[in-house]
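Listed below are the residues making up each chain.
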Amino acid sequence: MTSPLRVAFAGTPEFAARALRSILDAGYDVPLVLTQPDRPAGRGMKLTASAVKQLALARGIAVDQPEKLRTEEQRARLVACAPDVLVVAAYGLILPQAVLDLPRLGCLNIHASLLPRWRGAAPIHRAIEAGDTETGITIMQMDAGLDTGPMLLRRAEPILPTDTTATLHDRLAALGGECIVAALGVLSAGGLVATPQPEAGVTYAAKIGRAEASIDWTRPAVDIERAMRAFDPFPGLSSSLRDTVVKFWSAQVVDADGVPGTVLAAGDDGIVVACGKGALRCTLLQRPGSRRLASGEFLRGFAVSVGERFTTGGTHAA
């Protein structure tokens, strides 16, 4: 009888925690979890354990939090646990070759796109922003490149017209958990087939920067609406009116024209703002220190008049 795989795990945010939960629930032996060091979070900037660390501790699994994995000392606990395979999901550290070579069955990565499209740090955001109608999960055998390794398993997931990064993330996290359990099952039976990524269709999902949060109203309305959904929950899209930074969380494209940034209508059904092509009926907005509000409630606390103009620039914390 084949012994069960010893699966070490490396990951940090909730996306990774969902995968770890699936691996544990499937009965795999997880001798060690690697995750990022505790970071300051929240308004009080209190040191907070990652979602993966919290889950691992709750399940009684050993946790290691090295700053890097470059030295023998930093890798010592991983070496000592002698994993058959290392599963990696949104870990946040680049794995040196010494780590890639350590498990006898290599390192498997759970990537939230259909590779080779959207290699890199922000595949969910960039897929929505680009207007893709489909994305998915790729289980990949890791190599030294940036998401360049051969593919072991791919499953598609539709992107809905209403999807935000938050809603799509949750579905892909669940799918990622299903996919890694399926891949480990085939791997333990010796049946996984590695397929090189095609050279055609490679795109890169650059990390989301706060500088992208400022709305450029000269862009087409359809592009701004996609970015609005792509940057929800972080960093959100912002614009300024009368020195007040307003975040825009939800909108629909409408057939209207005007000078970009100009308010064309304002009421309970939304604030209509002209764009470079078309306009947006903005229905969920937020001022600094407040919560997200439907347009009618927002307007009762912050009057907006037809003819006023939102300007590019300005960000605020949600």
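Criteria and thresholds
Residues numbered from 1 in each chain as written. Predicted model: local features only at pLDDT ≥ 70, side-chain atom pairs only at ≥ 80, totals over all residues. Heavy atoms only, no water. Helix = DSSP H or I, 4+ residues; strand = E, 2+ residues; numbered from the N terminus. Contact = heavy atoms within 4.5 Å. Areas by Shrake-Rupley, 256 points an atom, 1.4 Å probe, with all protein chains shown as cover. Lys, Arg positive; Asp, Glu negative; His and termini not counted. Charge placed at Lys NZ, Arg CZ, Asp CG, Glu CD. Pairing = 2+ DSSP bridges. Axes fitted to C-alpha atoms, helices over the stretch in contact; angles between N-to-C directions. Phe/Tyr/Trp six-rings, centres within 6.5 Å; stacked < 30°, edge-to-face > 60°. Buried < 20%, exposed > 50% of the residue type's maximum accessible area, 1.4 Å probe, protein only. Core = buried A, V, L, I, M, F, W, Y, C linked by side-chain atoms within 4.5 Å. Parallel < 35°, antiparallel > 145°, perpendicular 65-115°, else oblique. Nonpolar A, V, L, I, M, F, W, Y, C, P; charged D, E, K, R; others polar. Expected span 1.5 Å × (residues − 1). Salt bridge = Lys/Arg side-chain N within 4 Å of Asp/Glu carboxyl O. Left-handed = near helix turned anticlockwise from the far one by under 90°.

> Would you take a moment to explain the overall build of the protein chain for this structure?
Looking only at helices and strands, the protein chain has eight helices and 17 strands in total. Projected onto the principal axes, the alpha-carbon positions of the protein chain cover approximately 75 × 45 × 30 Å. If you take every contact in the protein chain between residues at least 6 apart in sequence, the share linking residues at least 24 apart comes to 65%. As presented, the protein chain carries roughly 14500 Å² of accessible surface, and 54% of it is formed by carbon and sulfur atoms. Averaged over its 33 positive side-chain charges, the protein chain has a centre that lies 4 Å from the centre of its 32 negative ones.

> Would you mind showing me how to read the sheet that holds strand β1 (residues 7–11) here?
Across a sheet, paired strands are connected by hydrogen bonds in the backbone, their directions being either parallel or antiparallel. Judged by pairing direction, the sheet is mixed, and its seven strands sit side by side in the order β5-β2-β1-β6-β7-β9-β10 without closing on themselves. The open sheet has two edge strands with one neighbour each: β5 (63–64) and β10 (151–158). Here β1 pairs with strand β6 (residues 85–89) via five bridges, running parallel. Its bridge partner being in β6, F9 is matched across the sheet by V87. The sheet strands contacting helix α1 (residues 14–25) are β1, β2 (33–34), β6, β7 (107–111) and β9 (134–141), and the helix crosses β1 at an angle near 165°.

> Mind showing me how you'd approach the packing of aromatic side chains here?
For any two aromatic rings, the description comes down to two numbers: the centre-to-centre distance and the angle of the planes. As enumerated under the stated definition, the model contains four aromatic pairs in all. Summarising the aromatic geometry, the rings of W217 and F310 are spaced 6.2 Å apart at their centres and angled 40° between planes, so their arrangement reads as tilted. One end of the pair, W217, is in the loop between β11 (204–205) and α7 (221–230); the other, F310, is in the segment after α8 (295–301), and 93 residues separate them in sequence. Judged by its relative accessible area of 2%, F310 falls in the buried class. With centroids separated by 5.3 Å and ring planes inclined at 75°, the aromatic side chains of F248 and F310 adopt a geometry described as edge-to-face.

> What's the story with the nonpolar core in this structure? I'm lost.
General note: in soluble globular proteins, nonpolar side chains tend to be found buried as a group. Ranked by size, the top nonpolar core spans 71 residues in total, and within it F9, I139 and L184 carry the most contacts. Looking at which element gives the most residues to this core, the answer is helix α6 (residues 165–188), with nine residues. Not counting chain neighbours up to four residues away, the residues in contact with F9 comprise A16, A19, L20, I23, V30, L32, V33, L34, V52, L86, V87 and A89. In this structure, L32, L78, V88 and L95 belong to the second largest nonpolar core, which totals 19 residues.

> Help me out: how do you make sense of the packing of α1 against helix α2 (residues 51–58) in this one?
In a pair of packed helices, the angle between the axes and the distance between the axes together describe the arrangement. The geometry of α1 relative to α2 is characterised by a closest axis approach of 7 Å and an angle of 30° between their N-to-C directions. On the basis of their axis angle, the class for α1 and α2 is roughly parallel. Note on element contacts: α2 touches α1 through A51, V52 and L55, opposite E14, A16, A17, L20 and R21. Of the residues assigned to the contact of α1 with α2, the class counts are six nonpolar, no polar and two charged.

> So what exactly am I meant to see when it comes to α6 here?
One full turn of an α-helix is made of 3.6 residues, so residues set three or four places apart face in the same direction. Compared with the 34 Å implied by 1.5 Å per residue over 24 residues, the 33 Å span of α6 between its first and last C-alpha is a close match. Following α6 by one or two positions, G190 has its phi on the positive side, about 75°.

> Whenever I open this one, the pattern of salt bridges confuses me. Can you help?
Note that side chains of opposite charge can pair when their charged atoms are close. Across all of its chains, the model carries 18 salt bridges by this definition. The partner of R104 in a salt bridge is D84, with the nearest N and O atoms 2.8 Å apart. Of the two residues, R104 sits in the loop between α4 (97–100) and β7 while D84 sits in the loop between α3 (72–81) and β6, which places them 20 residues apart along the sequence. Note on R104: relative accessible area 61%, which makes it exposed. The partner of E225 in a salt bridge is R229, and the shortest N-O contact between them spans 2.7 Å.

> What is the right way to read the packing of α1 against α6 from this model?
Here α1 crosses α6 at 35°, and the two axes come no closer than 8 Å. The way α1 lies across α6 gives a crossing that is right-handed. Across from E14, F15, R18, A19, S22 and I23 in α1, the residues of α6 making contact are H169, L172, A173, A174, G177, I180, V181 and L184.

> Would you mind going over the pairing of strand β12 (residues 237–241) with me for this structure?
Residues in a regular strand project their side chains so that they alternate between the two faces of the sheet. Within β12, five of the five residues are buried, which leaves the element mostly enclosed by the surrounding structure. Here β12 shows no split at all, with L237, S239 and L241 on one side and S238 and S240 on the other all buried. Judged from the five bridges that link them, β12 and strand β13 (residues 244–254) form a sheet pairing that is antiparallel. By the bridge assignment for β13, S239 is matched with V246.

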